[in-house]
Amino acid sequence: MLKNTSLPRLAERLRHFPARPGTKIMEVCGTHTVAIRRCGIQRLLPETMKLVSGPGCPVCVTPDSFIDEAVALARQGVVITSFGDMLRVPGSRSSLEKERAAGADIRAVYSPLDALRIAAESGWETVFLAVGFETTAPGIAAAAMKALETKLGNFSLLTALRLVPPALKALIAVDTGLSGFLLPGHVSAVIGKQAYDFLLDRQLPGVISGFGAEDIISSLLLLLEMHNKDIYKIVNNYPAAVRDSGNEKSRAILSKVFEPVDAEWRGLGSIPASGLDLRPAYAGLDSRRRFVIKKETAPPRKGCRCGDVLRGLIDPPACPLFNKACRPDQPLGPCMVSAEGSCSAWVTYG
Ligand code: SF4
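All residue numbers refer to position in the chain's written sequence, counted from 1. For a predicted model such as this one, the threshold for reporting local features is a pLDDT of at least 70, and the threshold for listing and counting side-chain atom pairs is 80 or more; totals across whole chains, interfaces and linings nevertheless cover every residue. Calculation of side-chain values draws on the structure's entire complement of heavy atoms; hydrogens and water are dropped beforehand.

S.K.: Explain the sheet that holds strand β5 (residues 126-132) residue by residue, including any values.
M.R.: In this analysis, strands are considered paired if DSSP registers two or more bridges between them. Think of it this way: any DSSP run of H or I at least four residues long counts as a helix, any run of E at least two long counts as a strand, and we number them from the N terminus. A sheet is described by the order of its strands in space; here six strands give the open sequence β4-β3-β5-β6-β11-β10, paired in mixed fashion. The open sheet has two edge strands with one neighbour each: β4 (106-108) and β10 (258-265). Taken over all neighbouring pairs, the strand axes of this sheet differ in orientation by 25° on average, direction set aside. When β5 meets strand β6 (residues 155-162), the two strands line up parallel, connected through seven bridges. Its bridge partner lying in β6, glycine 132 is registered against leucine 161. Across the sheet, helix α8 (residues 164-172) touches β6, β10 and β11 (269-278), and the angle it forms with β11 is around 175°. Only heavy atoms enter the contact rule, under which two residues are in contact if any of them lie within 4.5 Å. Helix axes are fitted only over the stretch in contact, all axes being lines through C-alpha atoms; the angle between N-to-C directions runs from 0 to 180 degrees. Packing of helix α12 (residues 248-257) onto the sheet brings it into contact with β10 and β11, and relative to β10 it is tilted by some 80°.

If you want it as structure tokens, here you go:
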């Protein structure tokens with residue numbers, strides 16, 4: 001079993017693995033992107049293989065229009081609560097960080113329950129920016145249930161929740177030249193192994209991986225072995241955290257509160273049934289129903305290649321703005337803002 005092999009031996013195996021020329025593996029999850037570059041795994045890859053990042057950074061795939069809505073709400077005097085990463089993401093003409101500097105009440109929180117508490121204690125209209133994937137969404141669903149139970153009348157959600165499998169389906173609908181997927185451990189803990197079976201129809205293997213160096217390297221070796229032998233399977237290489245069937249309880253909470261809707265992804269466009277919106281029973285918690293949101297818009301930013309980075313079509317340095325006009329201390333695109341963004345990881349860890 002690969003996982004019991006020591007790290008130096010695993011590293012050597014990867015370095016010398018006879019990968020087929022042109023092998024291209026996508027690491028779907030932003031946490032993997034950062035772990036790979038922080039551990040220097042990109043420097044262990046055999047010359048015949050390449051790793052590319054995918055659309056698994058929630059901040060990165062959230063379109064400008066969502067930030068524009070949040071900015072418009074902040075300007076109306078609503079308290080905006082959000083995970084911290086979202087504050088620096090540029091919208092079409094502003095960001096939440098800029099609005100806060102201009103006096104808007106915008107607060108970084110660690111959990112949607114913090115946002116509920118702010119609403120309950122202040123009595124002010126409070127909006128939580130519901131951004132994230134299947135990992136984050138159950139906690140947000142639980143907060144929505146609590147808001148309804150406690151009849152909290154001044155709390156609502158501006159939703160931009162996204163689902164990973166529909167995005168991967170959209171990605172592989174065209175020929176990407178990919179050889180397999182390093183699949184996200186946290187998301188898989190909720191959705192389970194079978195959620196990726198559609199990859200097998202396209203003869204693409206996948207390995208669900210944890211986030212330590214040994215986890216990642218052993219998962220890459222499993223992928224390379226399958227690719228070399230034309231074996232197409234989804235392997236759970238993170239059984240300590242991921243049950244093959246996922247977490248039924250989390251999925252039940254999710255489907256009680258949310259329903260799938262078509263959703264816009266940065267770089268991928270609109271994808272059928274790839275987002276989550278509140279079900280009719282929770283419609284009173286929908287910020288878009290509660291407020292008239294008049295957002296400013298602008299033409300897409302020139303030069304930013306976030307969309308191509310998120311589809312694994314280019315490496316970040318191929319963007320003309322990379323580490324020049326767009327840097328971690330002065331980001332122009334979301335892939336440079338988020339700690340899990342591919343551009344940020346390339347600058348930080350090389
Ligand atoms: S370097 Fe900046 S502008 Fe270019 S793709 Fe990355 S985030 Fe977007």
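S.K.: Describe helix α1 (residues 7-15), listing the residues and the values that go with them.
M.R.: Burial in α1 covers these residues: Leu10, Ala11 and Leu14. The buried side chains of α1 occupy one side of the element, clustering within an arc of 100° when seen end-on. Facing away from the buried side of α1 by more than 90 degrees, the exposed set consists of Pro8 and Arg9. Lining the buried residues of α1 we find α11 (213-228). For each residue, the accessible area found with a 1.4 Å probe, counting protein chains only, is set against the maximum for its type, and the residue is called buried under 20%, exposed over 50%, and partly exposed in between. Directions pointing from the helix axis toward each C-beta atom define the arc.

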